[in-house]
Amino acid sequence: SAPEEIEPLLRELLSDPELELRFFLPESEVYVDTAGMPVHDDPGDARVRTPVLRAGAPVAMVLHRPTGPQRPDRLVTLVETGGLAIEIARLRVELRRQLAEVQASRARIVAAGNTERRRIERDLHDGAQQRLSRPELVLSVAQPQPDRHEPLLRAVVQVALDPPPFGVPSRD
């Protein structure tokens, strides 16, 4: 069987529909289900927990009904025989989790970039609007008496023809 099919295969071979295979992720030191979601141990769960070890390190945990007296070593034999498949399945689950974390991280980076882009657009829009509306306001004030406000009008025209670089305050 393919490594992903190990849990249903163990259920079938042990005639235990409640059997659950949990994979140990050493980096985060948590157990996850076959979908890669963290699982917590339920203290009220009466199932037996049989660890799956490879080279002395935990790989998985099999939660199952107590085995009958006729074949108490059956699960141990199955786990030893399928140990490599269980480890491969664990590695695949871990890889899928890491890929999901990378995708989520990329989504956060794109969202942050979009937020920053909108902020910059807003700042540019507001700054340009301010620079364009200020001369209009000055001209509307100076229009009734142009001779009296000639220096101001000249300054407005100069700024309009040669605006200061963006971010540099103008000499108002």
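Analysis parameters
- Residues numbered from 1 in each chain as written.
- Predicted model: local features only at pLDDT ≥ 70, side-chain atom pairs only at ≥ 80, totals over all residues.
- Heavy atoms only, no water.
- Helix = DSSP H or I, 4+ residues; strand = E, 2+ residues; numbered from the N terminus.
- Buried < 20%, exposed > 50% of the residue type's maximum accessible area, 1.4 Å probe, protein only.
- Areas by Shrake-Rupley, 256 points an atom, 1.4 Å probe, with all protein chains shown as cover.
- Phe/Tyr/Trp six-rings, centres within 6.5 Å; stacked < 30°, edge-to-face > 60°.
- Core = buried A, V, L, I, M, F, W, Y, C linked by side-chain atoms within 4.5 Å.
- Pairing = 2+ DSSP bridges.
- Axes fitted to C-alpha atoms, helices over the stretch in contact; angles between N-to-C directions.
- Arc of directions from axis to C-beta.
- Contact = heavy atoms within 4.5 Å.
- Salt bridge = Lys/Arg side-chain N within 4 Å of Asp/Glu carboxyl O.

**Overview of the overall build of the protein**
Step number 1: Each helix and strand counted, the protein has four helices and four strands in total.
Step number 2: Listing the helices and strands of the protein from first to last along the sequence gives α-β-β-β-β-α-α-α.
Step number 3: By residue count, 23% of the 172 residues in the protein fall in the buried class.
Step number 4: If you sum the accessible surface of the protein, you get close to 12200 Å²; carbon and sulfur atoms cover 58% of it.

**Structural notes on the packing of aromatic side chains**
Step number 1: Applying the stated criterion across every chain, the model contains one aromatic pair.
Step number 2: Ring geometry for Phe24 against Tyr31: centres 5.1 Å apart, planes inclined by 55°, an arrangement best described as tilted.
Step number 3: The exposure class assigned to Tyr31 is partly exposed, which follows from its relative accessible area of 24%.

**Focus: the nonpolar core**
Step number 1: Formed by 17 residues in total, the largest nonpolar core has its most connected members in Leu21, Phe23, Val52, Ala60, Val62 and Ile86.
Step number 2: Counting only elements with at least two residues in this core, the list comes to α1 (6-14), β1 (20-25), β4 (57-64), α2 (74-81) and α3 (83-142).

**Let's talk about unusual backbone geometry**
Step number 1: Not every positive phi belongs to a glycine, and Glu29 is a case in point at roughly 55°.
Step number 2: Mapped onto the elements of the fold, Glu29 is located in the loop between β1 and β2 (30-32).
Step number 3: Glu29 gets classed as exposed once you look at its relative accessible area, which sits at 63%.
Step number 4: Non-glycine residue Ala55 carries a positive phi angle of around 55°.
Step number 5: Mapped onto the elements of the fold, Ala55 is located in the loop between β3 (48-54) and β4.

**Some words on the sheet that holds β2**
Step number 1: One open sheet accounts for four strands, arranged β2-β1-β4-β3; its pairing is antiparallel. Of all strands in the sheet, those bounded by a partner on one side alone are β2 and β3. For this sheet the average axis-to-axis angle between neighbouring strands, irrespective of direction, equals 30°.

**Description of α1**
Step number 1: Residues of α1 that are buried include every one of Ile6, Glu7, Leu10 and Leu14, and no others. Projected down its long axis, α1 shows its buried positions confined to an angular sector of 100°, all on one face.
Step number 2: Immediately beyond the C-terminal end of α1, within one or two residues, lies Ser15, with a positive phi of roughly 50°.

**Re the environment of Val62**
Step number 1: Secondary-structure assignment places Val62 in strand β4.
Step number 2: When the C-alpha atoms of Val62 and Thr50 are compared, they prove to be 5.1 Å apart, with twelve residues separating the residues in sequence.
Step number 3: Once residues lying within four places of it in the same chain are set aside, the contact partners of Val62 are Leu19, Glu20, Leu21, Val48, Arg49, Thr50, Val52, Leu75 and Val79.

**Brief notes about the pairing of β1**
Step number 1: Among the six residues that make up β1, six are buried, leaving the element largely enclosed by the rest of the structure.
Step number 2: Side chains Glu20, Arg22 and Phe24 of β1 all project onto a buried face; the interleaved residues Leu21, Phe23 and Leu25 project onto the opposite face, where all are buried too.
Step number 3: Across four bridges, the pairing between β1 and β4 is antiparallel. Bridge pairing in β4 places Phe23 opposite Ala60.
Step number 4: Strand direction decides the pairing type here: β1 and β2, joined by three bridges, are antiparallel.

**A word on the pattern of salt bridges**
Step number 1: The final tally for this structure, using the stated rule, is 13 salt bridges.
Step number 2: Note that Glu7 is salt-bridged to Arg11, the shortest N-O span being 3.5 Å. With Glu7 and Arg11 both in helix α1 and four residues apart, the pair spans about one turn of that helix.
Step number 3: Note on Arg11: relative accessible area 30%, which makes it partly exposed.
Step number 4: Measuring nitrogen to oxygen at the nearest pair gives 2.9 Å for the salt bridge that ties Glu87 to Arg54. Placement of the pair is Glu87 in helix α3 and Arg54 in strand β3, with a sequence separation of 33 residues.
Step number 5: A relative accessible area of 32% means that Arg54 is categorised as partly exposed.
Step number 6: Overlapping salt bridges, with partners in common, bring together Glu20, Arg22, Asp41, Asp45, Arg47 and Arg49 in one network.

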